[in-house]
Each structure stands twice: as structure tokens, then as C-alpha cells.
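So you can see what is in the structure, the chains are spelled out below.
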There are 2 protein chains.
Amino acid sequence: MLTEQGCRQRRSRLWSQIPEELEWLLVGDPRHVQYLCGFRINPLSFSADQRALLLLKRDGKCVLLADNFTKRSAGAAYFVDDEVITPWYTHRRSVVSRHEALTQAIAEARPYWSGSTGLIEPEGLTEMCAAMVAEDAAWQFAADEEETPRTLGDVLRELRRSKDGDEVELLKRCMRACAAGHRRAIEVMAPGLGELDVYLEVQRAAQQEAGEPCVVYGDFRATHAALPKAGGLPTDYRLREGDLFILDYSVILHGYRSDFTNTLPVGMVSSAASEQLQACRETLTATAKLLRPGAACRELWQTASSLLEQAGMGPLVHHAGHGLGLEHPEPPILVSESADELRVGDVVTLEPGCYREGVGGVRVENNYLITADGSEQLNETPGVG
Amino acid sequence: MLTEQGCRQRRSRLWSQIPEELEWLLVGDPRHVQYLCGFRINPLSFSADQRALLLLKRDGKCVLLADNFTKRSAGAAYFVDDEVITPWYTHRRSVVSRHEALTQAIAEARPYWSGSTGLIEPEGLTEMCAAMVAEDAAWQFAADEEETPRTLGDVLRELRRSKDGDEVELLKRCMRACAAGHRRAIEVMAPGLGELDVYLEVQRAAQQEAGEPCVVYGDFRATHAALPKAGGLPTDYRLREGDLFILDYSVILHGYRSDFTNTLPVGMVSSAASEQLQACRETLTATAKLLRPGAACRELWQTASSLLEQAGMGPLVHHAGHGLGLEHPEPPILVSESADELRVGDVVTLEPGCYREGVGGVRVENNYLITADGSEQLNETPGVG
């Protein structure tokens, strides 16, 4: 879980980027509300489609705005100085729409900002909510004359790239749960099993390790000579001897997620498939050694693609990796025309793959934290650790 | 899944409520986009936090606006006449924010409405999206002089109360999956089991029956003499002989959900607990006989509460039930001061419960479709059917 100290640091870092004339901020993207105070609706609740807002004042105060059932659906502890919670459902009277309950919370929070100028997150607030503060708020600004106007969301997405200690701890928790699913997949993998059966075994093992229900998503698909590339949630296909099962999946805990991959042989696989797996593993290991602050993401892609080509398995037909955190993918993006460079605090995937007609598909993937002097692998390597 | 015919009927019904001077509508609440065209992002995907928009024209045409990965994350088939899909992620270049990709889709869709006046859903569109159409659009209207201004969202929520045939079929699929989970809980319930173990067994059985991964949420909690009322996702508590396990949960398939309840004895329970269960079951059966169009929801609550009181178990300390569909709870609400009346097409729960210090908690619940001459129970009764 995010910590109070981490949330405070992030709020302080945010304020350092905000022009002095702005006295308050209103944030609505669920990822950003969480990033700044820890509040996030549990997606496994009846409030999953709702939103809460976070009002931040330059004096450091922060206030959560929500309806009473949204508050009850918090997925973890959160850290605010005050709350404005409006009754949406009382078990006594008919309900209004939950949007109305949220706009009511904004109206009640007016004393917090009245008479001063603020900034809203135009990507995170609905038009109905934004209209409640329109006369006192702007929604874009230029940090200086040379830059294009930016939104509050732009600033937050930029800040999110460098992960804090509490974020990395939470990511590691996701990765431990994800690794438990990978271990279980190795135990059960066999001809005759359905793709959905694999999903159910992996999902169960991941949640047992996490100690709580959570969202598990990704690629749970078999590949084979006639279908070398397949992705997405499981189908009703049943595994056959010689298939290659690409298990590329994420466990989300409190908004953060793991994303690493193993390719599992179903029974005995061809020597061509084994060579393919070997080439991907070697490419992964070699490319990982180049992870460091300042590395150009397009060069990392080029390295991975060239190594696969040298092994007769390339070029790489998709990204070599991407940033990971509250979104997936998120910057930096490791692709052929990327403008991104790695920075300290980035959490990224590396995921070389090859998909050959007549053989099948293989992909392997790990997750890394970029550190001052290189990188730290955050997940155990599936099937090895 | 929703059908093309059902989506067309709903769009046609929507247009019949829209003033003539409005030529187009822009919808953004994910529930409403789905209701009108079937498109919904799978919550078990990396696009879960994103949105797509639906542009509707008075001539019947409808257009989906989304980024390319949101389109790929559709949870089921959908039915539109055209699409404006903007590249957010290409596996070649760095990414912009997905909000920017969506506003780009709105800009590209301008020829569809340019020069005519439309209406946006202010609860469903972000300020950034709404700004793209602001010069051509209104966001509230009064249907006639006596009514208060309404939004497009208000109209859609009102339409959603009466479920169509395809919606009822989808709800029944949710209920079959939910029933499979209930059956599994009966099989495994025993002292020593953890609440999380029960969740994992139920979740697995529900998904196996559904044939696909899906969201399972609700109350998975043991009650006992010292804790007669408990709700929410499972904790690390281990069941003890004599506990009463309240299994009150939902399975979501393509946005729609079941919501029914059984209370399971853990080993041998006290005679006081058995009487409590009997009183709840009799209250449920008797109240269900009163379900019909025109029934006042406050009277249904009063009946359930009085029956519990007559059995020495009342009054009822929460709702007697609520509407169910793309939200939970949604109107009508069966509470003591409800202004709602049942209508044909409502899908509602009935859920009498009682929670006694020194004994424990019991609740039972079924789901019903309100029909012209009464009601149809949509779920099998847990443990009996």
C-alpha cells in the first residue's frame, strides 16, 4: 500500500511545479487521486464505475470529496486532512444519481477555495463537476513561455514516471503474487488443459499469495505451428502436445501492477521451439545489462531486435518493453522510433518475443527498476526463482 | 451479450425523448455507451481505466470514438455504423496520454455533427472532451415547462430501469454463474476454511460456469455471536463451528450483474440461528408474492420488516431490496421512505436479513423481473434449485 509519507512527498513535488498564482487544485483521475492520497475504489466492488475527487490547497491541506458508498469502497488506507462525504444512499430514501451526490460534495467544499484561483484536471473531471468550479478555476497553464500549455494531468503523468519507495514496494507485492501464478502454471501445464483452466489456476495462486481478491489480466494463450501469435484472455481452446503457452500477465494490487512473461512447453516441444526460447532468453539477459539512466529507448529496442536477428529469429515485431505502474503501458516506451530515455525511478519491462509460422510463439519478460548505476530486477524469473 | 436489435431499440427509445432541435448526442458514461451499442471495455484488461464515446445522430447513425487499444479491449461484440479510432499506441513511437488520443477522435469526428446543435452527457464526458464540442452543444434541457432541467444521463438512467429481453438474458447468464458459486460454497463450507478460501472457490466455480474470466464481488464474511453483522470482501478469518457464513455476491458479465444471497451454516449451528434463517426465508417468500407493477416500494419494505418483527427478528435494519442491472443498487429502492413504485421491466432484489447479538447474522436474497402480472424469479434459490 502507498504510505502517508509517500503521498505527502508526491503532493509536495506536485506543488513545486504549479505557478504561484494558483492556490488550489482539483484532481479527478482515479490514478492521480490515489497517487496523491492513497484513495482508490476497489474494482471488485459495486462502486467500481464511480469516482472520488481530491482537493489540494497550497498550504498542504488535502480534502477527499465522494459519496458515502464510494468512501466505503476504498481498496486500502488513505491519507487526507479532511473529507466532504455526501449521502448518496441511506437505506431510507430513494437514490439520486451518484454524479449528483458528487457535485453536491463539490458545492459543500466551496469554502475551502472560495475567493481564490485554482486549477482543475480537465482529463479527470466530468463536465458536470468542472462546471461547479468553473468561475474560480483554469484548466491549463504554460510553465514558461517556450512550453506548450500543459494540464494538471500532464504534470501528474510526468511526475508518475519516477517511482517512490512505497510505489516500488507495492509493485514488488504485485510481482510476488504474479510469480506465484507463474509457479502454479508450471505445475499444472499439460496437454488436455483448457486455456481457461490455466487462467483459473494462475488467478487462484496469485490471489492466495496476495492474501486478497484482486484483478488478474493479460495473455493466457497457447500458440502452435498454425497459430504462432495469439494474445488476450483465455479461449475455450484445449492444449495439445507440443504447444507453447505464452503466459504474459499482470496482477493489480491497489492500482499498481506487475507484468512479466514465461513461455511454457506443453509436453515435449520441437527443437526449433527450444532454440526460439533460448534466443529470447539470451536477448533478454543481454538487453537487461544495458538498462541505465540516460539509455535511449530506441537503442534498447534496436539491440533486442538485432540480437534476435543474429539468432535467426528477428526482427522484433513489437515493443522491446515499456513503463509500468498505475498504467500499462506507460512511458518510457522501448520501440524503434521512441523519443524516450530511461531515468532513475522508471519501472520498465523487457520482453523479447518471436513468432514463427510452422513452430509457434515465444516471449519472455522481466520487470526492472532503473537505479542510479543500472537496474534492479523486481520479479523473480518465472520458473527459475 | 446485448443484441444489435436491443441496442437499436434503445437508441430509438432515447431519440423519442430528445427535443427536435437537437440533431446529435455525445454519450460518455461507459454504462450508457454499452447500453446503446454494446461496447464496453473489459475490466480485466489494461484499458480498464479508459473510456470510449458514442456519437448518435438523429438519422439513426451511431459512431464509436476511441483509441486503438481501447477498441481492442472490447469485452464483447458491439454494434455501430462507423468508428473513429485514433492511434494511441503503435509499437513504434512514444505515447501521448490516452485522453489526448480520445480528444483527437472527437476532432476527427467533427464532420458528423458540424453545423448542427447537439447534446452531451455532462456526467459522462470529461471537461477536456466536452470542450472539444462546446460551441455546438448544450448539456441540459427541460422536457417541458414543469420539469426541472434534465441531462442526457438523467434520460438514460430513467430508460435503463425497464430491462429489454437481451438485458434479461444477460442477467440470467450472470445468475447461472452466481448459482454455480453458491453450489460450490455449500460443498466446501466447513470449520477451518478461511473467508478467502471461500471466495476463491466461489470465484472459480462462477467463472467456470460463465466460461470466461469475470469480476466477482460482494460479501464473503462469517458472522457469529460476537460479530452478528459483517460485510465486504473476505478477511483472513478462519471459520469456526457454529458460524453463519453470509454469501451475498455478484457476478458481472459485460457490465450486468447478479446479486443474490444465502447464509450457510458452518457445521452445527444453534437452534436460535436456525429460527432466524427460517424467519428470513418465510419473509422472502411472502414479500415476493407482493411484487407487481404499481407496488409501492416503501410498502414492500414495511411488509418485510413487519414479518420479521412478528417472528421476533425485526425490524429490518437495511433495505428490503433494490434495482439491479448496470449498477448496484439502482432504482427502484425498497426502503422505508422510498418514493419508488415497481414497473414492468424492473429487475429487483429482495433481501430480508437479521443480525442478533449472541446468535449471528442471516440474510437471504433472490432476484426478480417485474412482469405485467407479477414477477418472475430469475435466479435459482441457492442450495435448493
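Side note on the overall build of chain A
Consideration 1: Broken down by element type, chain A carries eleven helices and 17 strands.
Consideration 2: Taking 21 Å as the expected radius of gyration for a compact globule of 385 residues, we find that chain A reaches 23 Å, a close match to that expectation.
Consideration 3: In chain A, the proportion of contacts linking residues at least 24 apart, taken out of those at least 6 apart, comes to 67%.

Section: the pairing of strand β15 (residues 360-363) of chain B
Residues and elements named next belong to chain B.
Consideration 1: Of the two faces of β15, the one carrying Gly360 and Val362 and the one carrying Gly361 and Arg363 are both buried.
Consideration 2: As judged from the four bridges shared by strand β14 (residues 353-356) and β15, these two strands associate in the antiparallel manner. When the bridges of β15 are listed, Gly353 appears paired with Arg363.
Consideration 3: Counting the residues in the hairpin turn of β14 and β15 gives three residues, including Gly358, whose phi is positive at 85 degrees.

Notes on the relation of the copies chain B and chain A
Consideration 1: For the pair chain B and chain A, the best superposition has an RMSD of 0.0 Å and corresponds to a rotation of 180 degrees with a translation of 0.0 Å parallel to the axis. Taken together, these values place the two copies in the relation of a two-fold axis.
Consideration 2: Same-surface contact between copies: 100% of interface residues of chain B are shared with the interface of chain A.

So, the domain arrangement of chain A
Residues and elements named next belong to chain A.
Consideration 1: Along its sequence, chain A is carved into domain 1 (4-160) and domain 2 (165-377).
Consideration 2: Inter-centroid distance (C-alpha atoms) of domain 1 to domain 2 is 34 Å.
Consideration 3: Listed by partner, the interface residues are ten residues for domain 1 and ten residues for domain 2.
Consideration 4: Among the elements that take part in the side of domain 1 that touches domain 2, helix α2 (residues 30-37) stands out by supplying three residues, more than any other.
Consideration 5: Class assignment of the residues belonging to the side of domain 1 that touches domain 2 gives a composition of four nonpolar, three polar and three charged.

Re the nonpolar core
The nonpolar side chains of a soluble globular protein tend to be buried with one another.
Consideration 1: Counting residues in each nonpolar core, the largest one holds 245 residues, and the members touching the most others are Leu65 of chain A together with Leu65 of chain B.
Consideration 2: Residues contacting Leu65 of chain B, with those up to four places away along its chain left out, are Ala52, Leu53, Leu55, Val84, Leu102, Ala105, Ile106 and Ala109 of chain B.

A few points about unusual backbone geometry
Consideration 1: Gly314 of chain A connects to Pro315 of chain A through a cis peptide bond whose omega is 0 degrees.
Consideration 2: Among the secondary structure elements, Pro315 of chain A is positioned in the loop between α11 (297-310) and β11 (321-323).
Consideration 3: The residue after Pro331 of chain B, namely Pro332 of chain B, is reached through a cis peptide bond having omega 0 degrees.
Consideration 4: Looking at where Pro332 of chain B falls in the secondary structure, it is placed in strand β12 (residues 330-334).
Consideration 5: Phi is positive for His254 of chain B, close to 50 degrees, though the residue is something other than glycine.
Consideration 6: Of the residues examined, His254 of chain B has 21 C-beta atoms within 10 Å and is grouped as buried.

Side note on the pairing of strand β8 (residues 244-253) of chain A
Residue and element names in this part refer to chain A.
Consideration 1: The buried count for β8 comes to ten of ten residues, which makes it a mostly enclosed element.
Consideration 2: Residues Leu244, Ile246, Asp248, Ser250 and Ile252 line one face of β8 and the alternating positions Phe245, Leu247, Tyr249, Val251 and Leu253 line the opposite face, and both faces are buried.
Consideration 3: Alignment of strand β7 (residues 215-223) against β8, held across nine bridges, turns out to be antiparallel. Residue pairing across strands places Asp219 opposite Asp248, the latter belonging to β8.
Consideration 4: As paired elements, β8 and strand β10 (residues 260-265) share six bridges and run antiparallel to each other. Each residue of the ladder has a partner; that of Phe245, found in β10, is Leu264.

Re helix α10 (residues 297-310) of chain B
Consideration 1: The end-to-end C-alpha distance of α10 of chain B, which contains 14 residues, comes to 20 Å, matching closely the 20 Å that a straight helix rising 1.5 Å per residue would cover.
Consideration 2: The secondary structure elements touched by the buried residues of α10 of chain B are α9 (271-288), β12 and β14 of chain B.

Here's the deal with the interface of chain B and chain A
Note: interface size is frequently given as the accessible area lost on complex formation between the parts.
Consideration 1: Between chain B and chain A, the residue contacts involve 52 residues of the former and 52 residues of the latter.
Consideration 2: Looking at the side of chain B that touches chain A, the elements with two or more residues in it are α2 (30-37), α5 (127-133), α6 (152-160), α8 (195-210), β7 (215-223) and β12 of chain B.
Consideration 3: For the side of chain B that touches chain A, the leading source of residues is α8 of chain B, giving six residues.
Consideration 4: Of the residues that constitute the side of chain B that touches chain A, the class distribution is 24 nonpolar, 16 polar and twelve charged.

Examining the sheet that holds strand β4 (residues 82-86) of chain A
Sheets are built from strands that pair by backbone hydrogen bonding, the pairs being arranged parallel or antiparallel.
Residue and element names in this part refer to chain A.
Consideration 1: Taken in spatial order, the six strands make up an open sheet running β4-β3-β2-β1-β5-β6, and their pairing is mixed. Bordering the open sheet on either side are β4 and β6 (137-138), each of which pairs with just one other strand.
Consideration 2: Here three bridges tie strand β1 (residues 24-27) to strand β5 (residues 118-120), and the two strands are oriented parallel to one another. Residue Leu26 lies in a different strand from β5, and its bridge partner there is Ile120.
Consideration 3: Strands β1, β2 (53-57) and β3 (62-67) of the sheet are contacted by α2, whose axis makes an angle of about 50 degrees with β2.

Things to note about the sheet that holds strand β2 (residues 53-57) of chain B
Residue and element names in this part refer to chain B.
Consideration 1: The strand order across the open sheet built from six strands is β4-β3-β2-β1-β5-β6, with neighbouring strands paired in mixed fashion. Bordering the open sheet on either side are β4 (82-86) and β6 (137-138), each of which pairs with just one other strand.
Consideration 2: Relative to strand β3 (residues 62-67), β2 runs antiparallel, the two being bridged by four bridges. Bridge assignment links Leu54 to a residue of β3, and that residue is Leu64.

Structural notes on the packing of helix α8 (residues 165-188) of chain A against helix α9 (residues 195-210) of chain A
Residue and element names in this part refer to chain A.
Consideration 1: Between α8 and α9, the least distance of the axes is 7 Å, while the angle of their chain directions is 140 degrees. Judged by the angle between their axes, α8 and α9 are oblique. Crossing handedness for the pair α8 and α9: right-handed. The residues of α9 that touch α8, namely those facing Arg176, Ala177, Cys178, Ala180, Gly181, Arg184, Ala185 and Val188, are Val198, Glu201, Val202, Ala205, Ala206, Gln208, Glu209 and Ala210.
Consideration 2: Here the residues of the contact of α8 with α9 sort into ten nonpolar, two polar and four charged.

Some words on the environment of Leu378 of chain B
Residues and elements named next belong to chain B.
Consideration 1: Considering the arrangement of structural elements, one finds Leu378 in the segment after β17 (374-377).
Consideration 2: Between the alpha carbons of Leu378 and Lys61 there is a distance of 34 Å; along the sequence they are 317 residues apart.
Consideration 3: Those residues in contact with Leu378 that lie beyond four places of it in its chain are Leu171, Lys172, Met175, Val347, Asn367, Tyr368 and Leu369.

What to know about the environment of Val347 of chain B
Residues and elements named next belong to chain B.
Consideration 1: Note on placement: Val347 falls in strand β13 (residues 347-350).
Consideration 2: Assessed through the 25 C-beta atoms surrounding it within 10 Å, Val347 is described here as buried.
Consideration 3: As a C-alpha pair, Val347 and His322 span 25 residues in sequence and 8.3 Å in three-dimensional space.
Consideration 4: Setting aside chain neighbours within four positions, we find Val347 in contact with Lys163, Leu171, Gly323, Leu324, Gly325, Asn367, Leu369 and Leu378.

A word on helix α7 (residues 165-188) of chain B
Consideration 1: Helix length check: α7 of chain B (24 residues) gives 35 Å between terminal C-alpha atoms against 34 Å at 1.5 Å per residue, within 8%.
Consideration 2: Along α7 of chain B, the positions that sit buried rather than exposed are Glu167, Leu170, Leu171, Cys174, Met175, Ala177, Cys178, Ala179, Ala180, Gly181, His182 and Ala185 of chain B.

So, how was this worked out
Residues numbered from 1 in each chain as written. Chains lettered and ligands numbered in written order. Predicted model: local features only at pLDDT ≥ 70, side-chain atom pairs only at ≥ 80, totals over all residues. Helix = DSSP H or I, 4+ residues; strand = E, 2+ residues; numbered from the N terminus. Rg over C-alpha atoms; globule rule 2.2 N^0.38 Å. Contact = placed C-beta atoms within 7 Å. Buried ≥ 20, exposed ≤ 12 C-beta atoms within 10 Å, placed from the backbone. Pairing = 2+ DSSP bridges. Least-squares fit on C-alpha atoms with pLDDT ≥ 70 in both. Domains from an automatic or database assignment. Nonpolar A, V, L, I, M, F, W, Y, C, P; charged D, E, K, R; others polar. Core = buried A, V, L, I, M, F, W, Y, C linked by C-beta atoms within 7 Å. Expected span 1.5 Å × (residues − 1). Axes fitted to C-alpha atoms, helices over the stretch in contact; angles between N-to-C directions. Parallel < 35°, antiparallel > 145°, perpendicular 65-115°, else oblique. Left-handed = near helix turned anticlockwise from the far one by under 90°.

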